[in-house]
Amino acid sequence: MSRVSRVVLHRAETAPGRHETLAIDGGALVDPATVDAGWDAVDLQGRAVLPGLADHHIHLFGLGAALQSVDLSPDALEAAGGLGPALSTARRHHPEGWLRGVDYDVSTSGPLDRRALDATGAGPVRVQDRTGISWTLDSRALDEVLPSDRRDWPTGVEVDDEGGASGVLVRLDAWLRERVEAEPVDLARVGALLAASGITAVTDAGADNTSADLRAMDAAHLPLRVVAMTRDPHTRSEGSVVAGPVKVLLDDADLPSLHDLTARVAAAHDAGRSVAVH
């Protein structure tokens, strides 16, 4: 936790109809008889209390980026009147640069390609599929990131019937990040949102977390206990952020050899780390 305090909770409901005084010192329950005038006091007026919740699979940077993106989930599109109105409204609020849409559900909202995005007139825009596997870009966005020579296109650029780019990029998150200037993620906002929901501990399951990412989490002074998975078994804890399991992401389309997989597991164990496989 980034802040440790002493607080006494009066009239806390610990069971239906049972109200008690609870004293908490540094995150642990202590005898209320130890409370003195220097403690913070809160009268819960009979509200229920429960231990802090722990989210053991979360992506803090992804959640932060989603909060700063255009919600294109089925419910959001229905409320906005469709993809075009949703992106047009977002463009009015952000007249410059790229738009970033998230949570688009192909199975519910229909197929998406560059032509469908071109028709909205909101480009340059990139839209992430709800699965997180693919991005779809409009023609303006593709012109900015794709090399002019098709031979230089990375594997994962989907080609349409005419031999051009359909707009769909599969498993190219890292490649795309290198070519699109990202808006800084407000991790403090993420921490406040989680804390307000009763979450006091998280495990960030990022498959590519580096030392720099752990330092950024620590610098945000999140009101949470944070364990972060990392790619490299030699990445160490940074400040209050604990380096957790080594994350191994298995992609059905690009599975590692058994030798490479066992070598990664062995390297993690040699470094005293456990392994999380997705």
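Our structure is the block above this text.
First things first, this report covers the structure right here in the doc. Here the structure is a predicted model, which means the values were calculated and not measured.

Section: a negative patch on the surface
Alright, step 1. Together, D71, D75, E78 and D103 make up a region of like negative charge exposed at the surface.
Alright, step 2. Here D103 is to be found in strand β7 (residues 99-104).

Considerations on the packing of aromatic side chains
Alright, step 1. Summed over the entire model, instances satisfying the criterion amount to zero aromatic pairs.
Alright, step 2. In this structure, R126 packs its charged tip against the face of W135, placed 4.9 Å from the ring centre.

Comments concerning the pattern of salt bridges
Alright, step 1. This model, assessed by the stated rule, comprises 11 salt bridges.
Alright, step 2. The partner of D149 in a salt bridge is R151, and the shortest N-O contact between them spans 2.8 Å.
Alright, step 3. Relative accessible area serves as the criterion here: at 76%, R151 is assigned to the exposed category.
Alright, step 4. Residues E238 and R215 are paired through a salt bridge, measuring 3.6 Å at the closest nitrogen-oxygen approach. Pair noted here: E238 is in the loop between β13 (225-230) and β14 (242-248) and R215 is in helix α9 (residues 211-219), with a separation of 23 residues, a long-range link.
Alright, step 5. Note on R215: relative accessible area 44%, which makes it partly exposed.
Alright, step 6. A network of salt bridges, in which partner residues are shared, links R114, R115, D160 and E162.

Conventions we followed
- Residues numbered from 1 in each chain as written.
- Predicted model: local features only at pLDDT ≥ 70, side-chain atom pairs only at ≥ 80, totals over all residues.
- Heavy atoms only, no water.
- Patch = residues over 30% accessible without salt bridge, like charges linked within 9 Å, V, L, I, M, F, W, Y side chains within 5 Å.
- Areas by Shrake-Rupley, 256 points an atom, 1.4 Å probe, with all protein chains shown as cover.
- Salt bridge = Lys/Arg side-chain N within 4 Å of Asp/Glu carboxyl O.
- Lys, Arg positive; Asp, Glu negative; His and termini not counted.
- Charge placed at Lys NZ, Arg CZ, Asp CG, Glu CD.
- Helix = DSSP H or I, 4+ residues; strand = E, 2+ residues; numbered from the N terminus.
- Phe/Tyr/Trp six-rings, centres within 6.5 Å; stacked < 30°, edge-to-face > 60°.
- Lys NZ or Arg CZ within 6 Å of the ring centre and 35° of its normal.
- Buried < 20%, exposed > 50% of the residue type's maximum accessible area, 1.4 Å probe, protein only.

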